[in-house]
Amino acid sequence: MPRELRPSLSAVAIMRNEAANLPGLLRNLSGRVNELVLVDDGSTDDSVNIARKAGDWVRVVPHRMDDLQGFAGQRNAGLAVATGDWVLHMDCDERLSDDLFDEISCALPGTLRNAFRYRRLNYFLHRPMHYGGWNSWNRPQLARRGAHRFEGRIHEACVVDGGDSAIGQLSAMMHHFNDPDLAYRFSKSARYVEMEADRLREAGRRMGLMDLSVAPVMIWIKKYILQRGLLDGIPGLIAAIHSATAEFRIRALVWDQQNRIERGELEDRFRRTGPGK
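Before going into details, it helps to say that this report is about the structure given with it. Just so it is clear, the model here is predicted, and its values are computed rather than measured.

1. Details of the overall build of the chain
Within the chain, the regular secondary structure consists of eight helices and 11 strands. With the principal axes as the frame, the chain shows a C-alpha extent of 80 × 40 × 35 Å. Relative to its 277 residues, the chain shows a buried fraction of 47%. For the chain, the proportion of contacts with a sequence separation of at least 24, taken over those separated by at least 6, is 75%. Roughly 14600 Å² of accessible area belongs to the chain as shown, and the carbon and sulfur atoms make up 53% of that amount.

Below, the structure written as structure tokens:
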């Protein structure tokens, strides 16, 4: 953010092997924020080196994500070391549009709000997605330091002091490029699926035939028909099927955890009854 613009603004982003996304993020935020705090979850690629070569305005905070705090813990770790009056929470594959930056620059000075919501234009397979639920994102990721925190292991949410009455609404959009390809999407989804399955299991949710059969179909109907994902063409179809199959995998994992026959028990059954019985 330009030196003459006050209050000061920090950007906080979480990263893990983001070497492909970091150069674009650094270009996008250079001169617009006072600092960029990158919370690193054990990157094994060149992410940390790229960040450290960018200059003193970029800070790398090593912080491994644990199963208890999840993504909220990563956001809060960056918030704990940020120094700006306001904090803009981002992902490494997000880009701050000129319109949104200009709106932020006008909104922050003198405001009594503790946070601002903004919408996000999400991309899937490198294409902007306007339907299928992709357009529903509208969260307060820009907040006053000291007046907010994050909660939620998987789908982390910003909790703002003063609640909804302390949150304003911006009209411009953040651009979210998402995944480099579908294979990466699948691999990243596997981690979310396991975490969500653990959440359901810990909540005591029992899985049966209806959960496994009906729920994934309803997700597809919601995404593709009711939320008009079909208007996004083939990417909209792929996205809807991916969401439905992810829902199935979550519930199938929980069912397996609740009904698993351990190998030792299987061996005992085999010895007692013979194969196939």
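2. Quick word on unusual backbone geometry
Although it is not a glycine, His-126 sits at a positive phi angle of roughly 65°. Among the structural elements, His-126 can be located in the loop between strand E6 (115-124) and strand E7 (127-128). Even without glycine at this site, Asn-178 takes up a positive phi of about 60°. One can find Asn-178 in the loop between strand E11 (167-176) and helix H5 (182-202). Using a relative accessible area of 8% as the deciding quantity, one classes Asn-178 as buried.

3. Looking at the nonpolar core
Counting 33 residues, the largest nonpolar core has Leu-25, Leu-29, Leu-36, Leu-38 and Leu-142 as its most contacted members. Residues in contact with Leu-25, not counting those within four places in the same chain, are Ala-13, Leu-36, Leu-38, Met-90, Asp-91, Cys-92, Glu-94 and Arg-95. Listed in part, the 13 residues of the second largest apolar core include Val-61, Met-65, Leu-79 and Met-195.

4. Here we look at the environment of Gly-163
Residue position: Gly-163 is located in the loop between strand E10 (157-160) and E11. Spatially, the C-alpha atoms of Gly-163 and Leu-29 are 28 Å apart, while their sequence positions differ by 134 residues.

5. Observations regarding the environment of His-242
Inspection of the secondary structure assignment puts His-242 in helix H7 (residues 233-259). As a C-alpha pair, His-242 and Pro-216 span 26 residues in sequence and 10.0 Å in three-dimensional space. Apart from residues no more than four positions distant in its own chain, His-242 is found in contact with Arg-185, Phe-186, Ser-189 and Arg-249.

6. A word on the pairing of E10
Here E10 shows one buried face, formed by Cys-158 and Val-160, and one open face, formed by Ala-157 and Val-159. Two elements, strand E9 (residues 148-151) and E10, share four bridges in a ladder whose sense is antiparallel. Residue pairing across strands places His-148 opposite Val-160, the latter belonging to E10. Here E9 folds back onto E10, and the loop between the two strands holds five residues, one of which, Gly-152, carries a positive phi near 115°.

7. Focus on the packing of H5 against H7
Contact pair H5 / H7: the axes reach a minimum separation of 9 Å and the direction vectors enclose 40°. As the angle between them shows, H5 and H7 are arranged oblique. When you trace H5 past H7, the crossing you get is right-handed. Along the contact surface, H5 presents Leu-182, Arg-185, Phe-186, Ser-189, Ala-190, Val-193, Glu-194, Glu-196, Ala-197, Asp-198, Leu-200 and Arg-201, while H7 presents Ile-238, His-242, Ala-246, Arg-249, Ile-250, Leu-253, Val-254 and Gln-257. Broken down by class, the residue content of the contact of H5 with H7 amounts to 11 nonpolar, three polar and six charged.

8. With respect to the packing of aromatic side chains
Counted by the stated rule, this structure contains six aromatic pairs. Consider the rings of Trp-86 and Phe-116, whose centres lie 5.8 Å apart with planes at 35°: the pair is tilted. With Trp-86 in strand E4 (residues 86-91) and Phe-116 in strand E6, this residue pair connects regions lying 30 residues apart in the sequence. With relative accessibility at 7%, the residue Phe-116 sits in the buried group. Each ring, one from Phe-124 and one from Trp-134, has its centre 5.3 Å from the other, and the planes form 35°; the classification is tilted. Of this pair, Phe-124 sits in strand E6 while Trp-134 sits in the loop between E7 and strand E8 (138-144); the two residues are 10 residues apart in sequence, bridging distant segments of the chain. By relative accessible area, Trp-134 is classed as buried at 15%. In this arrangement the basic side chain of Arg-120 is found over the ring face of Trp-137, its NZ or CZ atom lying 4.2 Å from the centre.

Calculation notes
Residues numbered from 1 in each chain as written. Predicted model: local features only at pLDDT ≥ 70, side-chain atom pairs only at ≥ 80, totals over all residues. Heavy atoms only, no water. Helix = DSSP H or I, 4+ residues; strand = E, 2+ residues; numbered from the N terminus. Buried < 20%, exposed > 50% of the residue type's maximum accessible area, 1.4 Å probe, protein only. Contact = heavy atoms within 4.5 Å. Areas by Shrake-Rupley, 256 points an atom, 1.4 Å probe, with all protein chains shown as cover. Core = buried A, V, L, I, M, F, W, Y, C linked by side-chain atoms within 4.5 Å. Pairing = 2+ DSSP bridges. Axes fitted to C-alpha atoms, helices over the stretch in contact; angles between N-to-C directions. Parallel < 35°, antiparallel > 145°, perpendicular 65-115°, else oblique. Left-handed = near helix turned anticlockwise from the far one by under 90°. Nonpolar A, V, L, I, M, F, W, Y, C, P; charged D, E, K, R; others polar. Phe/Tyr/Trp six-rings, centres within 6.5 Å; stacked < 30°, edge-to-face > 60°. Lys NZ or Arg CZ within 6 Å of the ring centre and 35° of its normal.

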